[in-house]
Amino acid sequence: MFFYQELEAILDTSNVEEKINRFNIFYKKFLENQVIFDNNHIPKELKKPSYSSFLKIVKPTSLPPIKNFKDINGKKYLVHTILHIEYSAIDLAIDAALRFKNLPIKYYKDWLEVADDEIRHFIMLEKLLKELGGYYGEFEVHKNLFEAMQKTPDFLSRMACVPRYLEANGLDQNPKIMEKLNSNKDSFNTKLIEALKVILNEEVDHVKKGDIWFKYECERLNLDPKTTYLEAIERVFPGSTKRKMDINFAMRKEAGFSCDELKFLSKKDDCK
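Residues numbered from 1 in each chain as written. Predicted model: local features only at pLDDT ≥ 70, side-chain atom pairs only at ≥ 80, totals over all residues. Heavy atoms only, no water.

Chemist: If you had to explain the packing of helix α1 (residues 3-12) against helix α2 (residues 16-31) to someone new, which residues and values would you point to?
Modeler: Where α1 contacts α2, the two axes come as close as 9 Å, and the packing angle between them is 160°. On the basis of their axis angle, the class for α1 and α2 is roughly antiparallel. For α1 against α2, the interelement crossing comes out left-handed. For the pair formed by α1 and α2, the contact residues are F3, E6, L7, A9, I10 and L11 on the first element and K19, R22, F23, F26 and F30 on the second. Of the residues contributing to the contact of α1 with α2, the split by class is eight nonpolar, no polar and three charged. (Axes fitted to C-alpha atoms, helices over the stretch in contact; angles between N-to-C directions. Helix = DSSP H or I, 4+ residues; strand = E, 2+ residues; numbered from the N terminus. Parallel < 35°, antiparallel > 145°, perpendicular 65-115°, else oblique. Left-handed = near helix turned anticlockwise from the far one by under 90°. Contact = heavy atoms within 4.5 Å. Nonpolar A, V, L, I, M, F, W, Y, C, P; charged D, E, K, R; others polar.)

Chemist: Lay out helix α5 (residues 144-151) in plain terms, naming residues and giving numbers.
Modeler: Of all the residues in α5, the buried ones are L145, F146, A148 and M149. Relative to the axis of α5, the buried residues are bounded by an arc of 155° and lie together on one face. Against α3 (72-99) and α6 (155-183) lie the buried residues of α5. (Buried < 20%, exposed > 50% of the residue type's maximum accessible area, 1.4 Å probe, protein only. Arc of directions from axis to C-beta.)

Chemist: For the environment of V16, give the residues involved together with the corresponding values.
Modeler: With respect to the helices, strands and loops of the structure, V16 is situated in helix α2. C-alpha separation for the pair V16 and Y51, spaced 35 residues apart in sequence, amounts to 8.6 Å.

Chemist: Please give an account of empty space enclosed by the protein that cites residues and values.
Modeler: Summed over the entire model, instances satisfying the criterion amount to one cavity of 30 Å³ or more. Volume-wise, the largest cavity comes out at about 50 Å³. Taken together, P49, Y51, S88, D91, L92, L145, F146 and M149 make up the lining of the largest cavity. Mapped onto the lining of the largest cavity, the elements with two or more residues apiece are α3 and α5. The residue makeup of the lining of the largest cavity, split by class, is six nonpolar, one polar and one charged. (1 Å grid on protein atoms, 1.4 Å probe; cavity = no way out; pocket = protein on both sides within 12 Å on 5 of 7 lines; lining within 4 Å. Points joined across faces, edges and corners; volume = space filled by probe spheres on them.)

Chemist: So, the state of the cysteines: which residues are in play, and what are the values?
Modeler: Summed over all chains, the structure comprises one disulfide. Across a sulfur-sulfur distance of 1.8 Å, C259 and C271 are joined as a disulfide pair. Because the sign of the S-S torsion sets the handedness, a value of about -100° for the bond joining C259 and C271 places this disulfide among the left-handed ones. With C259 in helix α10 (residues 259-266) and C271 in the segment after α10, this pair connects stretches of sequence that are 12 residues apart. The class of C259 is partly exposed, set by a relative accessible area of 32%. Distance from the sulfur of C161, which forms no disulfide, to the nearest cysteine sulfur (C218) is 11 Å. Overall, C218 belongs to the buried group, its relative accessible area being 0%. (Disulfide = S-S within 2.5 Å.)

Chemist: A description of α1 should follow, citing residues and the corresponding values.
Modeler: Burial within α1 is extensive, with seven of its 10 residues counted as buried. If you check which residues of α1 are buried, you get F3, Y4, E6, L7, E8, I10 and L11. Contacts from the buried residues of α1 go to α2, α3 and α4 (105-131).

So yeah, pure geometry; function would need other evidence.
The structure is reproduced here in structure tokens:
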């Protein structure tokens, strides 16, 4: 089994069950050292997301806000929204392992482990959605995460902008959702909170992996990590360094962010 060729086939797979099954087979072979690194493989240009055949994609501004945590439709929409993030994160992790070559084997182990985690998160949330009588594809979605993948074809930008920016934003937002679910507590919301706790704890590790490999590349290129990070996210997400961010300081520190970075992003004088 060829490493990059098979990963690209998995990335392109649009049937969710088939994608997960195919990844599980591949991941097992990878862990058993039964894959060949076909370093001459050239990854295809990213043109459309793997979910484009079964989800209706709209602009983010066309999507309704998440504000109803009480009735069935509100719960379904919330779970569906998070579920779509997790599906997109599967593809992001697979593409991170696929697109960048000649890195230490630990790099590929890290991002395949992330993909494995994201699959587990997806299955966990899909089960909850089905409890509500919902299904993946019931609501419209945006393709922001796919576009982030398109905008970061180089290794440095990808590590800065996906794990260290987009996933790190999740560390800030997840607790806020849990807080709202807590204030509308019922048996379903309690189960969703437990799922979100699992996701939050594991996402810290995902951001940390991105932090390690971002700093690895900065060191290789003799670049200052803070300056390089801020330049990268501003280039890919214009205005991102200008706004005041509501930061989860404890979890971002655990994931590798420096106090100086956190003060700049939060526009605060300390990083507490």
